[in-house]
Amino acid sequence: MSRWKRNLIVLCFAQLVTLMGFSTYFPFIPYFIQELGVTTEAATMSWVAVFNSGAAVSMAVFAPIWGTLADRYGRKMMVLRATIAAAILVGLMGVVQTPLHLIILRILQGAFCGTVAASTTLIASETPEDNLAMSLGFMQTAQFAGQSIGPLVGGVLADTMGYRPVFTISAILMACSAMAIALLIVETRRPPVTERKP
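If you're wondering where the values come from, they're calculated on a predicted model, not measured in any experiment.

The rules behind each value
Residues numbered from 1 in each chain as written. Predicted model: local features only at pLDDT ≥ 70, side-chain atom pairs only at ≥ 80, totals over all residues. Heavy atoms only, no water. Helix = DSSP H or I, 4+ residues; strand = E, 2+ residues; numbered from the N terminus. Rg over C-alpha atoms; globule rule 2.2 N^0.38 Å. Buried < 20%, exposed > 50% of the residue type's maximum accessible area, 1.4 Å probe, protein only. Contact = heavy atoms within 4.5 Å. Areas by Shrake-Rupley, 256 points an atom, 1.4 Å probe, with all protein chains shown as cover. Lys, Arg positive; Asp, Glu negative; His and termini not counted. Charge placed at Lys NZ, Arg CZ, Asp CG, Glu CD. Axes fitted to C-alpha atoms, helices over the stretch in contact; angles between N-to-C directions. Parallel < 35°, antiparallel > 145°, perpendicular 65-115°, else oblique. Left-handed = near helix turned anticlockwise from the far one by under 90°. Nonpolar A, V, L, I, M, F, W, Y, C, P; charged D, E, K, R; others polar. Core = buried A, V, L, I, M, F, W, Y, C linked by side-chain atoms within 4.5 Å. Expected span 1.5 Å × (residues − 1). Phe/Tyr/Trp six-rings, centres within 6.5 Å; stacked < 30°, edge-to-face > 60°.

A few points about the overall build of the protein
Next, step 1: The helix and strand inventory of the protein stands at eight helices and zero strands.
Next, step 2: Its helices and strands taken in sequence order, the protein reads α-α-α-α-α-α-α-α from the N to the C terminus.
Next, step 3: Taking 2.2 N^0.38 as the reference for a compact globule, 198 residues should give roughly 16 Å; the C-alpha atoms of the protein span a radius of gyration of 18 Å, in line with that estimate.
Next, step 4: Here the protein holds 198 residues, and 43% of them are scored as buried.
Next, step 5: Sequence-distant contacts in the protein: of pairs separated by 6 or more residues, those separated by 24 or more amount to 83%.
Next, step 6: A total accessible area of about 10400 Å² is found for the protein, and carbon and sulfur atoms account for 68% of it.
Next, step 7: Side chains of the protein give 13 positive and 9 negative charges; the mean places of these two sets differ by 10 Å.

What to know about the packing of helix 7 (residues 132-161) against helix 8 (residues 164-184)
Next, step 1: In the contact formed by helix 7 and helix 8, the axes pass within 8 Å of each other and the chain directions differ by 135°. By the angle between their axes, helix 7 is oblique relative to helix 8. Every pair of crossing elements has a handedness; the one defined by helix 7 and helix 8 is right-handed. Across the interface between the two elements, Gly154, Leu157, Ala158 and Met161 of helix 7 pack against Pro165, Val166 and Ile169 of helix 8.
Next, step 2: Residues of the contact of helix 7 with helix 8, tallied by class, amount to six nonpolar, one polar and no charged.

Description of the side chain of Ser58
Next, step 1: Among the secondary structure elements, Ser58 is positioned in helix 3 (residues 41-73).
Next, step 2: Sequence-distant contacts of Ser58, that is, excluding residues within four places in its chain, are made with Ile107, Gly110 and Ala111.

Quick look at the environment of Val166
Next, step 1: Within the secondary structure, Val166 sits in helix 8.
Next, step 2: For the pair formed by Val166 and Arg81, sequence separation is 85 residues and the distance between their alpha carbons is 22 Å.
Next, step 3: Filtering out sequence-adjacent residues up to four positions away, Val166 remains in contact with Thr24, Tyr25, Phe28, Gly154, Leu157 and Ala158.

Things to note about the nonpolar core
Next, step 1: Residues Phe22, Tyr25, Leu102 and Phe167 are the most contacted members of the largest nonpolar core, which totals 27 residues.
Next, step 2: With six residues, the single largest contributor to this core is helix 4 (residues 75-93).
Next, step 3: Ignoring anything within four residues of it in the chain, the contact list for Phe22 reads Ala86, Val90, Gln109, Cys113, Thr115 and Met174.
Next, step 4: Among the nonpolar cores identified, the runner-up in size contains 18 residues, and Cys12, Met78, Ala180 and Ile185 belong to it.

Here we look at helix 3
Next, step 1: End to end, helix 3 covers 46 Å across 33 residues, agreeing with the expected 48 Å (1.5 Å per residue, within 8%).
Next, step 2: Inspection of helix 3 places Thr44, Val48, Phe51, Gly54, Ala55, Ser58, Trp66 and Ala70 among the buried residues, and these make up the whole buried set.
Next, step 3: Buried residues belonging to helix 3 abut helix 2 (29-35), helix 4 and helix 5 (99-112).
Next, step 4: Where helix 3 terminates, the next one or two residues include Gly74, which has phi positive at roughly 115°.

Thoughts on the packing of aromatic side chains
Next, step 1: Under the criterion given, the structure shown has nine aromatic pairs.
Next, step 2: Ring geometry for Phe32 against Phe167: centres 5.1 Å apart, planes inclined by 45°, an arrangement best described as tilted. With Phe32 in helix 2 and Phe167 in helix 8, this pair connects stretches of sequence that are 135 residues apart. The same class applies to Phe32 as to Phe167, namely buried.
Next, step 3: When the centroid spacing of 6.0 Å and the interplanar angle of 50° are considered together, the rings of Trp66 and Phe112 count as tilted. Taken together, the residues Trp66 in helix 3 and Phe112 in helix 5 connect sequence positions 46 residues apart.

Here is the structure:
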């Protein structure tokens, strides 16, 4: 099997599992925030709003920075960084004691994660042009499938095990993705090294 095909298969699996892990806790975040001590409905909705927008704002700020580093140091490193950060931060969400702790981790998640962009860029840089559109289509299918399955799995797990174990399970899924990326992905097209002018 050619390297680009193996990379595609591994990254599709990693994105499926990672995005499933990311979306498992979305259905019960309002209830989890209430469990952390928020008592009124209005306050709960405010915390949920900050939870949902905080990651997007920090991601918008940091995405260009990670893109620049990917051009300089390689795409695989950025995918691995994003996936490992996701596993750590989601795992920590399961042990927070206040809504503020949860929001801080969520903002850090936006700043340090971004597995979708990193994985898509790696596929785009590694796949032959004749197979690029097909490869990106498979990648999007894996991503949407993960986002579709995750809330269902998270809802069932939260109903049977409680909220906090869902974060731990999600972190384990992301750690498995990171291991697969580290061991099986081979980046063949290294980014060009810019010569420094004297």
